[in-house]
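# Descriptive structure summary
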There are 2 protein chains.
Amino acid sequence: MIDKLVKKIKETKAPIVVGLDPMLSYVPEYIKKTAFDEYGETLEGAAEAIWQYNKGIVDAVHDLIPAVKPQIAMYEQFGIEGLKVFQKTVDYCKSKDLVVIADIKRGDIGSTSAAYAVGHLGKVAVGSKTYSVFGEDFATVNPYLGTDGIKPFVDVCKEEKKGIFVLVKTSNPSSGEFQDRLIDGKPLYELVGAMVNEWGKDTIGESGYSSVGAVVGATYPEMGKVLRKIMPKSFILVPGYGAQGGKAADLVHYFNEDGLGAIVNSSRGIIAAYKQEKYASFGEANYADASRQAVVDMIEDINSVL
Amino acid sequence: MIDKLVKKIKETKAPIVVGLDPMLSYVPEYIKKTAFDEYGETLEGAAEAIWQYNKGIVDAVHDLIPAVKPQIAMYEQFGIEGLKVFQKTVDYCKSKDLVVIADIKRGDIGSTSAAYAVGHLGKVAVGSKTYSVFGEDFATVNPYLGTDGIKPFVDVCKEEKKGIFVLVKTSNPSSGEFQDRLIDGKPLYELVGAMVNEWGKDTIGESGYSSVGAVVGATYPEMGKVLRKIMPKSFILVPGYGAQGGKAADLVHYFNEDGLGAIVNSSRGIIAAYKQEKYASFGEANYADASRQAVVDMIEDINSVL
């Protein structure tokens, strides 16, 4: 799957991923009205509004981008109805040949991580049958439990040609509380980065990249520069561009000299573009066109520094 | 909710929690047969088998114990059908007045953690309405992202009188890879433990315990002893007893002098008791009675050292 991701990035010339993290407050009023008229102000109504909103965005941008990153929390908060729409969104994006990076940040002890890995990336056995369940292409994984928690994901990645992105240095303001603390003179994130490199070493694809990538926030460019060297074969998934404050100029060091090796995420900046002054002229009814323009602008912005 | 948990532990004299982590391989053949006859070897069939299995166990043990801990991964691996049974299990346990500790190990940046927190412990808004969604009483949370990732959970705990258990020192063999590394001469888990104490300081209930607890594995008793002192007001959720190797004698230091402060989990050791030589005489058809006997034995074992 890492090879497919690299191929699609080359084809689209767009090392970006659109974060499908829908908040109800982003969804245009007319979409909410239609959904609530049909289902009431219910969990089902919320889920339907999010589905229509997502579908509009995906239809408008799918030809420009290699991948999407749905954030499962935004669906899970609406319970089963929300998770049905997460599944529907994953399936729809796959039908458009988009690579789906599920931002699930799971991680547990071995047998439990194995359950997450088969459910999201692999196949689960029921009697004599096996099923692909959520069927995403990549998942984000939390490293706090160490190799036990990661290995079941890596095993499934090898079997199913899927991939993971391990949280190394996250984009949020307090990420340094634990991640930046020095261990033998080096920050914890470097230690985790070195393990990412190790975990991925038997999974290098034809593209030269491994199935074990890393999450490194755009908001910490100096750390990105160091981590790029520690994990030369790992793709870096970069959140924090745009709404969280990361700028294109900061991103150059997340890439390798081949112009590859990183994929930059924007969520709110794309999916709620119509709410920004810059794209306000599109109007709420054309929110998806605003998202398309925001994608075009983001690709130009990022390519301008590479 | 921490006060309810303490009250129920005192009433039952059982500082234990039963982990509802059903693997299909634990479910008696006759239950699987009935479910597969009705739904086929499908995800729905798997979910139905797990539901019937869970219900049997809960019916057999609910009067002996204060709490259950369903592990969401074991349901999530079967997709939407599995998650419906997770929800059904939570609801059923609550109808039996059991405290439900959802082992979800979620954690993300602020706005995303907020979505998990409202979905699992709080209420989500849809237009002018609000809904309790999964409605568990406690959730486990991963600390790797720092205070940003935890605070939204703490806020919901305050509003809704719910609680969390933050992963501090996990029970798995490789937990030390990052958690034990020394920072200014102290292991990372102590640093996380000190933050747990801090995060909980405004949430102390009538019982004297805070809504912010910690997960500390039974498999590392010396560390449990130190962590008990670092987090005097936090309840410790202790996985790793029984099947993972933790022994009752190891657990005494996880408790405070009031005989409270810890709740010990057993999953496989209880729910798959009928597969152990010790309980084999119950037979598969009486798997729930075997689980009941295993609960009785576990309570006696733990109380013998307190």
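Conventions used here
Residues numbered from 1 in each chain as written. Chains lettered and ligands numbered in written order. Predicted model: local features only at pLDDT ≥ 70, side-chain atom pairs only at ≥ 80, totals over all residues. Heavy atoms only, no water. Helix = DSSP H or I, 4+ residues; strand = E, 2+ residues; numbered from the N terminus. Rg over C-alpha atoms; globule rule 2.2 N^0.38 Å. Buried < 20%, exposed > 50% of the residue type's maximum accessible area, 1.4 Å probe, protein only. Contact = heavy atoms within 4.5 Å. Areas by Shrake-Rupley, 256 points an atom, 1.4 Å probe, with all protein chains shown as cover. Lys, Arg positive; Asp, Glu negative; His and termini not counted. Charge placed at Lys NZ, Arg CZ, Asp CG, Glu CD. Core = buried A, V, L, I, M, F, W, Y, C linked by side-chain atoms within 4.5 Å. Polar contact = N/O pair within 3.5 Å; in protein donor to acceptor, adjacent residues only side chain to side chain. Least-squares fit on C-alpha atoms with pLDDT ≥ 70 in both. Pairing = 2+ DSSP bridges. Axes fitted to C-alpha atoms, helices over the stretch in contact; angles between N-to-C directions. Buried area = accessible area lost by both parts, 1.4 Å probe. Salt bridge = Lys/Arg side-chain N within 4 Å of Asp/Glu carboxyl O. UniProt positions renumbered as here; feature names shortened; annotations may be inferred.

## Let's talk about the overall build of chain A
Broken down by element type, chain A carries 13 helices and 12 strands. Rg of the C-alpha trace for chain A: 19 Å, near the compact-globule value of 19 Å for 306 residues, within the 12% margin. Dimensions of chain A along its principal axes, counting C-alpha atoms only, are 60 × 55 × 35 Å. Here chain A, with 306 residues, has 62% of them falling under the buried criterion. Partitioning the intrachain contacts of chain A with sequence separation of at least 6 by distance along the chain shows that 73% fall at a separation of at least 24. Working note: accessible area of chain A is about 10,600 Å², and carbon and sulfur atoms make up 51% of it. Considering chain A, the positive charge centre built from 34 side chains and the negative charge centre built from 40 side chains are found 3 Å apart.

## What to know about the nonpolar core
Of all hydrophobic cores here, the largest spans 235 residues; its most connected members are Leu5, Ile164 and Phe235 of chain A together with Leu5, Ile164 and Phe235 of chain B. Those residues in contact with Phe235 of chain A, other than ones at most four positions away along the chain, are Ile2, Leu5, Val6, Ile9, Phe165, Tyr209, Gly213, Ala214, Leu260, Gly261, Ala262 and Ile263 of chain A.

## So, the side chain of Asn54 of chain A
All names here are of chain A. With respect to the helices, strands and loops of the structure, Asn54 is situated in helix α3 (residues 43-61). Here Asn54 falls in the buried class, since its relative accessible area comes to 1%. A polar contact is formed between the side chain of Asn54 and the side chain of Tyr75, at a distance of 3.0 Å. Among all residues touching Asn54, those that are not within four sequence positions of it are Leu20, Pro22, Tyr75 and Thr89.

## Brief notes about the relation of the copies chain B and chain A
For the pair chain B and chain A, the best superposition has an RMSD of 0.0 Å and corresponds to a rotation of 180° with a translation of 0.0 Å parallel to the axis. As the rotation angle and translation indicate, the two copies are arranged about a two-fold axis. By C-alpha distance to the rotation axis, the residue of chain B lying nearest is Ile183 of chain B, at 2.7 Å. An overlap of 100% is found between the interface residues of chain B and their copies at the interface of chain A, pointing to a shared contact surface.

## A closer look at the sheet that holds strand β3 (residues 99-106) of chain B
Residue and element names in this part refer to chain B. Strand order in the closed barrel formed by eight strands is β1-β2-β3-β6-β7-β10-β11-β12, with parallel pairing between adjacent strands. Across this sheet, the average inter-strand angle for adjacent strands is 30°, counted without regard to direction. Of the strands in this sheet, β3, β6 (138-141), β7 (163-169) and β10 (212-216) touch helix α7 (residues 147-160), which is tilted by about 145° from β7.

## Details of the sheet that holds strand β1 (residues 16-20) of chain A
All names here are of chain A. Taken in spatial order, the eight strands close into a barrel running β1-β2-β3-β6-β7-β10-β11-β12, and their pairing is parallel. Taken over all neighbouring pairs, the strand axes of this sheet differ in orientation by 30° on average, direction set aside. The pairing of strand β3 (residues 99-106) with strand β6 (residues 138-141) spans three bridges and is classified as parallel. In the sheet register, Ala102 faces β6, and the bridge partner there is Ala139. Its contacts with the sheet put helix α5 (residues 79-95) on β1, β2 (67-70) and β3, and the angle it makes with β3 is roughly 150°. Contacts between helix α10 (residues 221-230) and the sheet are confined to β7 (163-169), β10 (212-216) and β11 (236-238), with β7 contributing the most and set at about 130° to the helix.

## Re the pairing of strand β4 (residues 123-126) of chain A
Residue and element names in this part refer to chain A. Of the two faces of β4, only one is covered, namely that formed by Val124 and Val126; the face formed by Lys123 and Ala125 stays uncovered. Sheet analysis places β4 next to strand β5 (residues 129-132), joined by four bridges and oriented antiparallel. Bridge assignment links Ala125 to a residue of β5, and that residue is Thr130. Connecting β4 to the next strand, β5, in antiparallel fashion are two residues, including Gly127 with a positive phi near 60°.

## A short note on the interface of chain B and chain A
One widely used convention gives an interface's size as the accessible area the parts lose upon coming together. Of the residues lining the interface, 68 residues belong to chain B; the matching set on chain A comes to 68 residues. Between chain B and chain A the total buried area reaches about 5,800 Å² when both faces are included, carbon and sulfur atoms providing 62% of it. On the chain B side of the contact with chain A, Glu41, Tyr144 and Phe178 of chain B bury the most area, a combined 16% of that side's loss. Connecting chain B to chain A are six salt bridges. With a shortest N-O distance of 2.9 Å, Asp108 of chain A and Lys105 of chain B are connected by a salt bridge.

## Details of the UniProt feature "active site" (unreviewed entry) in chain A
All names here are of chain A. Cross-referencing UniProt, the feature "active site" (unreviewed entry) maps to Lys105 in the present numbering. The topology assignment puts Lys105 in strand β3. Here Asp103 takes part through its side chain, which lies 2.9 Å from a polar atom of the side chain of Lys105.

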